Amino acid sequence: MKTKNCFVMVALAAATLLASCNDDEKNRPVAATGVELNASTLSLLVGTDTVLTATVLPLDAADARVDWTSSDPEIASVDAGKVSALKAGGPVAITATTNDGGFEATCNVTVTLPPETFVAPEDVAVSTVCGNVLIGTANGALDVARFAVPYAIAVASPDLIFVGDNLNHRVQKIDVPGNNVSTLAGPPPASMFLMAPAGYANATGGDARFSNPIALALDAAGNLYAADNENCAIRKITQAGVVTTFAGGEPKEPGFADAAGAAARFNEPSGIAVDKDGYVYVADGKNYRVRKISPAGVVTTLAGSGAQGAADGAGSDAQFQELHGLEVDAEGNVYVADDSRVRKISPAGVVTTLAGGTEKGYAEGVGTAARFDVIMDVAIDAEGYLYATDLGNNCIRRITPSGVVTTLAGTGSAGTANGLGTEAMFNDPGGIDIDASGTLFIVEMSSNRVRKITFNN
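First things first, this report covers the structure right here in the doc. (Residues numbered from 1 in each chain as written. Predicted model: local features only at pLDDT ≥ 70, side-chain atom pairs only at ≥ 80, totals over all residues. Heavy atoms only, no water.)

## Comments concerning unusual backbone geometry
1) Next: Geometrically, the link from Leu57 to Pro58 is a cis peptide bond, its omega value of -5 degrees lying close to zero.
2) Next: Tracing the backbone through its elements, the reader meets Pro58 in the loop between β4 (54-57) and β5 (66-70).
3) Next: Cis geometry is found at the peptide bond from Gly90 to Pro91, where omega equals 5 degrees.
4) Next: Secondary-structure assignment places Pro91 in strand β8 (residues 89-98).
5) Next: Residue Lys252 is not a glycine yet carries a positive backbone phi of 55 degrees.
6) Next: Along the chain, the position of Lys252 falls in the loop between β18 (243-247) and β19 (269-274).
7) Next: The phi angle at Val374 is positive, at roughly 70 degrees, despite the residue not being glycine.
8) Next: Tracing the backbone through its elements, the reader meets Val374 in the loop between β28 (365-366) and β29 (375-380).
9) Next: Residue classification places Val374 among the buried positions, given a relative accessible area of 14%. (Helix = DSSP H or I, 4+ residues; strand = E, 2+ residues; numbered from the N terminus. Buried < 20%, exposed > 50% of the residue type's maximum accessible area, 1.4 Å probe, protein only.)

## Considering the sheet that holds strand β2 (residues 41-45)
1) Next: Taken in spatial order, the four strands line up as β2-β9-β8-β5 in an open sheet, and their pairing is mixed. The strands lining the two open edges of the sheet, one partner per strand, are β2 and β5. Each strand of the sheet is rotated relative to its neighbour by a mean of 25 degrees, with strand direction disregarded. (Pairing = 2+ DSSP bridges. Axes fitted to C-alpha atoms, helices over the stretch in contact; angles between N-to-C directions.)

## As for the pattern of salt bridges
1) Next: Scanning the model with the defined rule gives 16 salt bridges in all.
2) Next: Note that Glu74 is salt-bridged to Lys87, the shortest N-O span being 3.8 Å. Remark: Lys87 occurs in the loop between β7 (82-85) and β8 and Glu74 occurs in the loop between β5 and β6 (76-79); sequence separation between them is 13 residues.
3) Next: When its relative accessible area of 28% is taken as the criterion, Lys87 is described as partly exposed.
4) Next: Between Lys360 and Asp339 there is a salt bridge, and its shortest N-O distance comes to 3.0 Å. Taken as a pair, Lys360 in the loop between β27 (350-356) and β28 and Asp339 in the loop between β25 (334-338) and β26 (341-345) lie far apart in primary sequence, 21 residues in all.
5) Next: On the accessibility criterion, Lys360 (45% relative accessible area) is partly exposed.
6) Next: Taking relative accessible area as the criterion, Asp339 reaches 6% and is therefore assigned buried. (Salt bridge = Lys/Arg side-chain N within 4 Å of Asp/Glu carboxyl O.)

## Side note on the pairing of strand β22 (residues 299-303)
1) Next: Note: strand β21 (residues 289-293) against β22, four bridges, orientation antiparallel. For Ile293, the partnering residue across the bridge sits in β22 and is Val299.

## Quick notes on the sheet that holds strand β17 (residues 233-237)
1) Next: Spatial ordering of the open sheet is given by β15-β16-β17-β18, a layout of four strands whose pairing is antiparallel. A strand with exactly one partner marks an edge of an open sheet, and here the two such strands are β15 (213-218) and β18. Strand-to-strand twist across the sheet, computed as the mean angle between neighbouring axes with direction ignored, equals 30 degrees.
2) Next: Bridge analysis of strand β16 (residues 224-228) against β17 gives five bridges, and the strand direction is antiparallel. Within β17, the position partnered with Ala226 by the bridge is Arg235.

## As for the pairing of strand β36 (residues 449-455)
1) Next: Relative to β36, strand β10 (residues 124-131) is paired through seven bridges, and the arrangement is antiparallel. Bridging across to β36, Cys130 finds its partner in Val450.
2) Next: Relative to β36, strand β35 (residues 440-444) runs antiparallel, the two sharing five bridges. Bridge pairing in β36 places Glu444 opposite Arg449.
3) Next: What sits between the antiparallel neighbours β35 and β36 is a turn of four residues, in which Asn448 has the positive phi angle 55 degrees.

## Regarding the nonpolar core
1) Next: One finds Leu52, Trp68, Val83, Ile94 and Val109 to be the most contacted residues of the largest nonpolar core, which totals 22 residues.
2) Next: Elements that contribute at least two residues to this core include exactly β1 (34-37), β5, β6, β7, β8 and β9 (104-112).
3) Next: Residue contributions to this core peak at four residues, all from β9.
4) Next: Leave out the neighbours within four places in its chain, and Trp68 touches Leu37, Leu52, Ala54, Val78, Ala80, Gly81, Ile94, Thr95 and Ala96. (Core = buried A, V, L, I, M, F, W, Y, C linked by side-chain atoms within 4.5 Å. Contact = heavy atoms within 4.5 Å.)

## Describing the packing of aromatic side chains
Geometry of an aromatic ring pair is reported as the spacing of the ring centres plus the angle between the planes.
1) Next: A full pass over the atoms with the stated rule returns two aromatic pairs.
2) Next: The interplanar angle of 70 degrees and the centroid separation of 5.2 Å between the aromatic rings of Tyr225 and Phe246 together place this pair among those described as edge-to-face. Highlighted residues: Tyr225 in strand β16 and Phe246 in strand β18, separated in sequence by 21 residues. No difference in accessibility class separates Tyr225 from Phe246, as the two residues are buried. (Phe/Tyr/Trp six-rings, centres within 6.5 Å; stacked < 30°, edge-to-face > 60°.)

The structure is reproduced here in structure tokens:
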């Protein structure tokens, strides 16, 4: 009887042990054996995003977490599976890696620009904001005010515009809804027809002096920067009209020196732009270089050898022919009007030709097949389309991101007519700028006016 009971107890113990082992097997964590993505390739447009889904295998894996990485986050970034297309390029490898076992799955993402759009002349309207064909120095109402060969323009909004009144050696403020043109900085008008004097003085309002303020640009805080051409200096102007020298030496000290503030040297700077981070870019005319100034006033050279020429290349291997206005996009690319071409400079200083050739002329076309006759300035819109003032052809040209050049407005002949697109006329268009809504503003050097281009579509 004892033997029988002993056998039963052993059997029960064995059963209990077996059940315990089976429970351990059931409760043991399941290791990952792989990972899958819901797509292996993607094509996205710049500015869009999508979500990739990662599935860790088997479906009951204990640790189903993944880490996400991008092989080029400047083109396509990833955050918890959300892929954002930032600029054209690729393919970029977006990789999901399991925390358990390090298994990987990759999706190759290519980012492209949106399809390019083209504007018909009948969708463009040209009008006059202010000024008078007669040269002069008068402030006052929009239809009374007079300029003397205005070169530069900077647009804070459709209601607030600044003009570099070149031969009056001052910066003008245009209050559109207030129907008033006044002097922000520089000498006040002596009379309607007598040009205001040139000079050099850091001061406020009418006590400040310039010598041919040939280009203007606004920073995010509303400060103006002026390329003070004959003073070979970069000047800063607050909204209150307080003028200081941001970089460059005493007046009429042309030279070349990369340095900080007053130790830097320029030679007839002819164009200026400010990026979103407060860096100032300068077309240094007679030095045949494009310079970059930090917010602290430290000047460096972005591109150009110092010798006049037409070579594309990196940094000091590049050459420029005749520098005028420039613009910078959100990614830090600089576009510069170089005689009859538009040059593009990457943030690393690599110079290429976007449109135009070394021979002056007039031709619509793609890239170097297009022709211009002295480009005075360029502006860029939020979608990356460039607008250029074609001085010799008396028209405004439009350049797509791929370099397709068309005529936006102007007949090709000098005149003052407002109207639609290629029915309108310009007389030596100079500086150009664009507001947040995409409206263009242009100064005309020979008809002493500010013009506006709006889009009807």
